[in-house]
Amino acid sequence: QVQLVESGGGLVQAGGSLRVSCTGSGGTFSSYAMGWFRQAPGKEREFVATISWSGGRTYYADSVKGRFTISRDNAKNTVYLQMNSLKPEDTAVYYCAVRPSGLESSRTYDYNWWGQGTQVTVSS
């Protein structure tokens with residue numbers, strides 16, 4: 001059973017930075033694609049960023065492109081999301097997810113396992 005644990009969320013002022021992490025266990029993470037998604041109150045879960053199994057390919061939602069960076073350390077079974085120039089509209093619960101195929105994807109239904117989420121709040 002694959003398990004994911006997110007960490008690093010918190011409260012930050014607009015314009016600030018935050019890095020969230022997701023560490024997995026119970027699987028072969030070096031062969032999985034990983035994704036970050038977020039869900040704000042009253043809204044559907046939306047795609048943020050994804051990274052291929054090797055880390056060689058990344059893809060971002062237009063709303064975060066140029067501000068967020070996804071990366072991974074396969075030796076640590078960990079994927080990161082560095083968030084810069086944060087805006088109040090980035091406030092949400094951030095979830096990491098695993099796609100066993102190894103190919104990056106922006107679609108929630110392509111991901112088999114999900115973490116419990118970490119809250120990111122950006123104050124204005």
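Fair warning: this is a prediction, and the values are worked out from it, not measured in the lab.

Structural notes on the overall build of the protein chain
Next, step 1: In terms of regular secondary structure, the protein chain is built from zero helices and eleven strands.
Next, step 2: Starting at the N terminus, the α and β elements of the protein chain follow one another as β-β-β-β-β-β-β-β-β-β-β.
Next, step 3: The principal-axis extent of the C-alpha atoms belonging to the protein chain is close to 40 × 25 × 25 Å.
Next, step 4: For the protein chain, with 124 residues in total, the buried portion stands at 44%.
Next, step 5: Of all intrachain contacts in the protein chain linking residues separated by at least 6 positions in sequence, the fraction that spans at least 24 positions is 59%.
Next, step 6: On the protein chain, roughly 6,100 Å² of surface is accessible, and the fraction owed to carbon and sulfur atoms is 46%.

What to know about the sheet that holds strand β1 (residues 3–7)
Next, step 1: Ordered by their spatial adjacency, four strands build an open sheet running β1-β3-β8-β7, and the pairing between neighbours is antiparallel. In this open sheet, the two edge strands, each paired with only one partner strand, are β1 and β7 (68–73). Adjacent strand axes in the sheet meet at a mean angle of 15° when their direction is disregarded.

Re the nonpolar core
Next, step 1: Ranked by size, the top nonpolar core spans 32 residues in total, and within it Met34, Trp36, Leu81, Met83 and Tyr94 carry the most contacts.
Next, step 2: Taken together, the elements giving at least two residues each to this core come down to β3 (18–25), β4 (33–39), β5 (46–51), β7, β8 (78–83), β9 (92–99) and β11 (118–123).
Next, step 3: Ranked by residues supplied to this core, first place goes to β9 with five residues.

Re the state of the cysteines
Next, step 1: Taken as a whole and assessed by the stated rule, the structure comprises one disulfide.
Next, step 2: Note on cysteine connectivity: Cys22 is disulfide-linked to Cys96, with sulfurs 1.9 Å apart. Handedness of the Cys22-Cys96 disulfide follows from its S-S torsion of about 50°: it is right-handed. Taken together, the positions of Cys22 in strand β3 and Cys96 in strand β9 put the pair 74 residues apart, joining distant regions of the chain.
Next, step 3: For Cys22, a relative accessible area of 0% corresponds to the buried category.
Next, step 4: Residue classification places Cys96 among the buried residues on the basis of a relative accessible area of 0%.

Re the packing of aromatic side chains
Next, step 1: Tallied over the full model, the rule gives seven aromatic pairs.
Next, step 2: Among the aromatic side chains, those forming a connected cluster through ring pairs are Phe37, Phe47, Tyr59, Tyr111 and Trp114.
Next, step 3: For Arg45, the ring lying beneath its charged end belongs to Tyr95, and the centroid distance is 3.7 Å.
Next, step 4: If you follow Arg45 out to its NZ or CZ, it ends over the ring of Trp114, 4.9 Å from the centre.

Definitions and limits used
- Residues numbered from 1 in each chain as written.
- Predicted model: local features only at pLDDT ≥ 70, side-chain atom pairs only at ≥ 80, totals over all residues.
- Heavy atoms only, no water.
- Helix = DSSP H or I, 4+ residues; strand = E, 2+ residues; numbered from the N terminus.
- Buried < 20%, exposed > 50% of the residue type's maximum accessible area, 1.4 Å probe, protein only.
- Contact = heavy atoms within 4.5 Å.
- Areas by Shrake-Rupley, 256 points an atom, 1.4 Å probe, with all protein chains shown as cover.
- Pairing = 2+ DSSP bridges.
- Axes fitted to C-alpha atoms, helices over the stretch in contact; angles between N-to-C directions.
- Core = buried A, V, L, I, M, F, W, Y, C linked by side-chain atoms within 4.5 Å.
- Disulfide = S-S within 2.5 Å.
- Phe/Tyr/Trp six-rings, centres within 6.5 Å; stacked < 30°, edge-to-face > 60°.
- Lys NZ or Arg CZ within 6 Å of the ring centre and 35° of its normal.

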